[in-house]
Each structure stands twice: as structure tokens, then as C-alpha cells.
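# Breakdown of the fold
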Amino acid sequence: MTISMLGNEMTVQGEFDLAAAARFLTGFAPAGQPEAEPGALRVAFPLDGEWTPVGAVLRQRSPGEVSVEVHGPPSAAAEAAVAQVTRMCSLDIDGTGFREVAGRDPVVSLLRGLHPGLRPVLFASPYEAACWAVLSHRIWMTQAVRLRRRLAERHGTKVEVGGSVLTSFPAPAVLAKLEYLPGLSGPKMQRLRAIAEAAADGVLDAASLRSMPADEALKRLQVLPGVGRFTAELILIRGAGHPDVFPRAETRLHEIMREAYHVPDAGVEELAEIAEAWAPFRSWASFLFRVEGEARMRESR
């Protein structure tokens, strides 16, 4: 049964360009979502906590308003689906203050001008972010994308989303019982099952991770098997959507910053001091650095 919930409209606080978010997601290999309608964003994902496969279509009617059409879940779960997709697009954050951050830092101001209205586009949940971290660890991106696609196609759920059929990532209960996936090593399989069990137990709940101090959340995540600082930051920032964390373990970001600020010998602490000017949007500014860095890398090929 498909239930289409029309009329879910949200007021956007601060600048947001859905088309930019859609372009990022369709170009982000781990997401693997095709662009079926220009200017619209279609997604499918397991609903947080319940893990029912759902789908949603977002459309931007005006600069300050976005509508959400939900497909798949019982009507009682539609509100939760809207909340989750809102977080995925960073629309649960009042972004009006990001203009002030850009005003304090000319480099961030330049990035904001190059990517107007682009907010961090997240994984559907901390659970999916953690699974991606396991799949992509120490292998080429193309290999990791194939693994994720294989995992989703074999063990996920097809969801009809406004005329398109998308694949929802497998629920934790499915992965917790998975014994084998072609191309995935035994140790990674064990870590993937551990992530699934943690998600089923509520350890990867986005609201809970966001409610505690960032350092505490990162320590909590690093208790999980195979989760170090880099993965914990990915889960907290790109999974739970914490808006104000400077990624201390993301060396690629640090390289981009050193070039942008002309500080070739700066260590992590010095870069973290530079990022203090980005508060309370350190995650947002870091995202724009990564996006621009990737864009320049593609241009140089």
C-alpha cells in the first residue's frame, strides 16, 4: 500500500536551494539516487527506530517554503518520515545565522557565494552513515559504491516514490543476520552486524546523539567495534546532522583548508582555531569546503 501525504509544507529558516541539494545527492556516489524530476529530490530510507521502508519527494515552491510528499508508511508514521527527511536536508536547523558566519570569514563567504543555498545533505540516518563507513574503509570509492549497491539490491526494499522505484537501505534486523556479501571481508561483515545491532538497540539514535555534547557523543560512538575518530565524526556530522563539529580526523578537509587560508604547515589545532569563527555552523562550513574541494578535483582530471 502506498500512502501519498500531500500538503506537508515547512517554512525554511535561512537560505536553502533544494535544486543544489538534489544535484549534490545525485552526484554523491554512496547515495545512488537518480534524478527523476529536475528541481525535486526523491529519497527512500528505513524510518528511524521503526525501520519501515519509506519514500519522500521534496519540492521547493518558493525560497522560503518546501513541500514534502511521503510514500509508503502508515499515515501515523508520516510525521516521523517528514522529520527524518527534514534532517537529511539540514532543514531542521535555523540557518539564518550562517550569513553572519560568512561575514566573519572571507573564505567561507566565498564558498557560500559559489554554492548559494547549499546546506549539508546527510545520510538518511546515523545507522546508514556508519554502514557506509564500514563498507568504504580502506578501499576505492568505486569498490565501496558497488558493495553498497549490492547490499541494497539484495537485501533492501523497493519503494515506489512518486513514479520512480528506489531502493531503501536494509533495516538493521536484516543486516544483523547477514552472514555473507560477495566482496565484503569477514571482519567488515562482523562490524556491519555490530553496527546493525547498535542501531536496533538505539545506540545510533540521531536525537540522542545530537542532545549530548559533541565530545561525549564521539566517545560514545568510538566504543562500537571498528569505529575510530574519523568514523565517529562522520556518523555524528553526516548521519545525526550535528551542525557545529569541526572534523579533526578528516585529513582531506585539512588539506583544502591549508590551501584556502595559505597556511601550508598548519596543524590540526591551528586549523581548529580558524574554524572557531564558523561556530555555531562548523559542520556546515566544513561541508562547503569538501564540496568545493571535490569540484576542483573533478575539474583537474
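For clarity, every value in this text was computed on a predicted model and none was experimentally measured. (Residues numbered from 1 in each chain as written. Predicted model: local features only at pLDDT ≥ 70, side-chain atom pairs only at ≥ 80, totals over all residues. Heavy atoms only, no water.)

### Observations concerning the overall build of the protein chain
The test is simple: Only DSSP runs of H or I reaching four residues or more are called helices, and only runs of E reaching two or more are called strands; each is numbered from the N terminus. C-alpha atoms define the radius of gyration in this analysis, and the globule rule sets the expected value at 2.2 Å times the number of residues to the power 0.38. Relative accessibility decides the category of a residue: with a 1.4 Å probe and only protein chains considered, values under 20% of the type maximum give buried, values over 50% give exposed, and everything between is partly exposed. Throughout, a residue-residue contact means that at least one pair of heavy atoms, one from each residue, lies within 4.5 Å. Throughout, the Shrake-Rupley method with a 1.4 Å probe supplies accessible areas, and for residues the shown protein chains are the sole cover considered. Note on charges: Lys and Arg go in the positive column, Asp and Glu in the negative column, and His and the chain ends are not counted at all. Lysine's charge is taken at NZ, arginine's at CZ, aspartate's at CG and glutamate's at CD.
A tally of regular secondary structure across the protein chain gives 14 helices and 6 strands. Its C-alpha atoms give the protein chain a radius of gyration of 19 Å, within 12% of the compact-globule value 19 Å for 301 residues. When burial is assessed residue by residue, the protein chain has 53% of its 301 residues classed as buried. Long-range pairs, those at least 24 residues apart, make up 64% of the contacts in the protein chain with a sequence separation of at least 6. Accessible surface, the protein chain as shown: approximately 13,800 Å² in total, 52% of it carbon and sulfur. A distance of 6 Å separates the average location of the 33 positive side-chain charges in the protein chain from that of its 36 negative side-chain charges.

### Looking at the pairing of strand S5 (residues 157-161)
In plain terms, the rule: Any two strands with at least two DSSP bridges between them are considered paired.
Of the strand pairs in this sheet, S5 and strand S6 (residues 164-168) are connected by 5 bridges, and their pairing is antiparallel. Residue pairing across strands places Lys 158 opposite Thr 167, the latter belonging to S6. Hairpin geometry of S5 and S6 is characterised by an intervening segment of 2 residues between the two adjacent antiparallel strands and by a positive phi of about 55° at Gly 162.

### Brief notes about the nonpolar core
Here is the rule we go by: Note on terminology: a nonpolar core comprises buried Ala, Val, Leu, Ile, Met, Phe, Trp, Tyr and Cys residues joined through side-chain atoms within 4.5 Å.
One finds Val 108, Met 257, Tyr 261, Trp 278 and Phe 289 to be the most contacted residues of the largest nonpolar core, which totals 55 residues. Contacts of Trp 278, omitting those with residues within four sequence positions, involve Val 101, Arg 104, Asp 105, Val 108, Phe 246, Met 257, Tyr 261, Ala 285, Ser 286 and Phe 289. With 36 residues, the next largest nonpolar core counts Leu 175, Leu 181, Met 189 and Leu 236 among its residues.

### Re the pattern of salt bridges
In plain terms, the rule: The term salt bridge refers to a side-chain nitrogen of Lys or Arg lying within 4 Å of a carboxyl oxygen of Asp or Glu.
Across all of its chains, the model carries 14 salt bridges by this definition. Here Arg 210 makes a salt bridge to Asp 92, at a shortest N to O gap of 2.9 Å. Of the two residues, Arg 210 is situated in helix H9 (residues 206-211) and Asp 92 in the loop between helix H2 (78-88) and helix H3 (98-104); the sequence distance between them amounts to 118 residues. Under the relative-accessibility criterion, Arg 210 is labelled partly exposed at 24%. Across the salt bridge formed by Arg 148 and Glu 128, the nearest N and O atoms sit 3.2 Å from each other. Residue Arg 148 is located in helix H6 (residues 141-155), and its partner Glu 128 is located in helix H5 (residues 126-136); the two are separated by 20 residues in the primary sequence. Among the charged side chains, a salt-bridge network with shared partners connects Glu 15, Arg 99 and Arg 112.

### Some points on the packing of H5 against H6
Convention followed: Fitted lines through C-alpha atoms serve as axes, helices being fitted only where they are in contact, and the angles separating the N-to-C directions of these axes extend from 0 to 180 degrees. Any angle that falls under 35 degrees is termed roughly parallel, while one over 145 is termed roughly antiparallel, one within 65 to 115 roughly perpendicular, and all others oblique. Left-handed is the label given to a crossing in which the near helix is rotated counterclockwise from the far helix by less than a right angle, and right-handed is the label when the rotation is clockwise.
Viewed as axis vectors pointing N to C, H5 and H6 meet at an angle of 130°, and their least axial separation amounts to 9 Å. With respect to their mutual orientation, H5 and H6 come out oblique. Where H5 crosses over H6, the two elements pack in a sense that is right-handed. For the pair H5 and H6, the contacting residues are Glu 128, Trp 132, Leu 135 and Ser 136 in the first and Met 141, Ala 144, Val 145, Leu 147, Arg 148 and Leu 151 in the second.

### Re the packing of aromatic side chains
Defined as follows: Under the pairing criterion, centres of Phe, Tyr and Trp rings, with the six-membered ring standing for Trp, must be within 6.5 Å; the plane angle then separates stacked pairs below 30 degrees from edge-to-face pairs above 60, leaving the rest tilted.
The full count for this structure, using the stated rule, is 9 aromatic pairs. Pairing Tyr 127 with Phe 169 gives two aromatic rings, centres 5.8 Å apart and planes at 70°, and the pair type is edge-to-face. On the criterion of sequence distance, the pair formed by Tyr 127 in helix H5 and Phe 169 in the loop between S6 and helix H7 (172-175) is long-range, its members being 42 residues apart. Pair check on accessibility: Tyr 127 and Phe 169 agree, each one buried. Put simply, the rings of Phe 246, Tyr 261, Trp 278 and Phe 289 touch in pairs and so form one group of aromatic residues.

### Focus on the pairing of strand S3 (residues 53-62)
With 7 bridges connecting them, strand S2 (residues 40-46) and S3 associate as antiparallel partners. By the bridge assignment, Ala 44 is partnered in S3 with Gly 55. Counted between consecutive antiparallel strands, the loop separating S2 from S3 contains 6 residues, among which Gly 49 sits at a positive phi close to 80°. By the bridge criterion, 7 bridges tie S3 to strand S4 (residues 65-71) in an arrangement that is antiparallel. Paired with Arg 59 across the strands is Ser 67, a residue of S4.

### Considerations on the packing of H5 against helix H8 (residues 186-200)
Short version of the rule: Think of it as three bins: nonpolar holds Ala, Val, Leu, Ile, Met, Phe, Trp, Tyr, Cys and Pro, charged holds Asp, Glu, Lys and Arg, and polar takes everything else, Gly as well.
It is at 10 Å that the axes of H5 and H8 come closest, and there the two elements cross at 175°. When the axes of H5 and H8 are compared, the pair comes out roughly antiparallel. On H8, the residues touching Tyr 127, Ala 130, Cys 131, Val 134, Leu 135 and Ser 136 of H5 are Lys 188, Arg 191, Leu 192, Ile 195, Ala 196 and Ala 199. Taken together, the residues of the contact of H5 with H8 break down into 9 nonpolar, 1 polar and 2 charged.

### Brief notes about the side chain of His 242
Examined against the element boundaries, His 242 turns out to sit in the loop between helix H11 (229-239) and helix H12 (251-261). Discounting chain neighbours no more than four positions away, the residues touching His 242 are Arg 210, Ala 214, Leu 236, Ile 237 and Ser 283.

### Describing the environment of Gln 222
Worth spelling out the cut-off: Pairing of N or O atoms within 3.5 Å defines a polar contact, subject to two protein rules: one partner must be a possible hydrogen donor and the other a possible acceptor, and residues neighboring in sequence count only if both atoms are side-chain atoms.
Following the sequence through the fold, Gln 222 ends up in the loop between helix H10 (214-221) and H11. Residue contacts for Gln 222: discarding those within four places in its chain leaves Val 227, Gly 228, Arg 229 and Ala 232. Among the polar contacts listed, one links the side chain of Gln 222 to the backbone nitrogen of Arg 229, at a separation of 3.3 Å.

Coordinates in, geometry out; function isn't part of it.
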